[in-house]
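# Descriptive structure summary
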Amino acid sequence: MFTSRPKPTTASLGPMKQYATRGENIPLQKNWMETWCTLPEAFDVYLQEILEFEVRKDDVFVVTFMKCGTTWMQETAWLLMNNLDFDKSKREFLLDRSVFIENHGVVKGTPNGVKLSQKIPSPRLLKSHLPASLLPQQVWQRKQKIIYVARNCKDVVVSSYHFIKSLRLWQGDNLEDYVNDFINSEVNYSSYWTHIIDFWQMRNEPYICFVTYEDMKRDLTGVIERLCTFLERPQLTAEEMENILQHLSFESMKENDKTNLTMTLKDCVEDINKDFQFMRRGIVGSFKDELTPDLKSKIDNWSQNFLVPYGLTEEDIFGKL
């Protein structure tokens, strides 16, 4: 059902493999067997159960490349699907309410997401960072609702560098080395641009809602209104909108230990960096004071070379940064 090939190990990586499937029922015509995704070698044990994941008819999936605003969207969509139950959202951890289905195959020591998802009531909101071809096959067979969130490349590079280095999922020394590994698809879930563009090309499918992190920062009210329509939920009153916007502010999310998973991950992940922060800055353009001009240029040239064949620029997808 899937195929894999070893990826040469570098000093910054443990044993890694690249995975691909035939991508059956995905509404995008391409050779999916040439779309490789880099994941830990240990993922071999878990991918089959994820591909065969039993989907319920009212499941909704939040799919992103890592560090693209996933938690922010999970909390947003979960509240809309659960009648703005702020009390429950402050009592129960987000990852118990909205399960990360493949996390156990990527981060050692975390609960089995497939098994955990079986215990939560419908309608379920499920999270994945997997690319289109590695998502549960029934997602595409049944045309399940997918909320896809994308974020500009340079901010993802910076945010994911701090994140996976602290989790010790990458063992390199500095940001320059990480940029090289990111571009060469030597970090988890890469290639970044393939992940993004596949869903960009499917954004007009009626069961896919394509949103960017930048959209959410510029006009969260408008994004929530779009989500209400997509999820077939009533539009919010002015008071309800004010309440959810306050709940979803970066300051509120960071202070809420049920959405800010810093302590949760410190408790369950082995050998985590003691300075680890799950939520760091929450802004657009964080790369501007963290990447050197040479690194910015390197990422921009790589992105441009990838996007030219599609007739796209980053601004077409994310707006002006």
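Residues numbered from 1 in each chain as written. Predicted model: local features only at pLDDT ≥ 70, side-chain atom pairs only at ≥ 80, totals over all residues. Heavy atoms only, no water.

Where we set the bar: UniProt positions are given in the numbering used here, feature names are shortened, and annotations may be inferred rather than shown by experiment.
Per an unreviewed UniProt entry, the protein chain carries the name Sulfotransferase domain-containing protein and comes from Stomoxys calcitrans. Per its UniProt entry, the protein chain bears the Sequence similarities (unreviewed entry) comment "Belongs to the sulfotransferase 1 family."

### Observations regarding the sheet that holds strand S5 (residues 125-128)
Quick note on the threshold: In this analysis, strands are considered paired if DSSP registers two or more bridges between them. Note on conventions: DSSP H or I runs of at least 4 residues are helices, E runs of at least 2 residues are strands, and numbering of each starts at the N terminus. Axis definition: a line fitted to C-alpha atoms, limited for helices to the stretch in contact. Angles are taken between N-to-C directions and run from 0 to 180 degrees. It only takes one pair of heavy atoms within 4.5 Å for two residues to be counted as in contact.
What the 4 strands build is an open sheet, ordered S5-S4-S6-S7; its pairing is parallel. A strand with exactly one partner marks an edge of an open sheet, and here the two such strands are S5 and strand S7 (208-212). Taken pair by pair, the neighbouring strands of this sheet meet at an average axis angle of 20 degrees, ignoring direction. The strands touched by helix H9 (residues 192-201) within the sheet are strand S4 (60-64), strand S6 (145-150) and S7, with S6 carrying the most contacts at an inclination of about 130 degrees. Packing of helix H11 (residues 220-230) onto the sheet brings it into contact with S6 and S7, and relative to S7 it is tilted by some 170 degrees.

### Section: the pairing of S5
Note the following rule: Only protein chains enter the accessibility calculation, which uses a 1.4 Å probe; a residue whose area is less than 20% of its type maximum is buried, one above 50% is exposed, and one in between is partly exposed.
Because side chains alternate across S5, one face comprises the buried residues Leu125 and Lys127, and the other comprises Leu126 and Ser128, equally buried. As paired strands, S4 and S5 are joined by 4 bridges and run parallel to one another. Residue valine 60 lies in a different strand from S5, and its bridge partner there is leucine 125.

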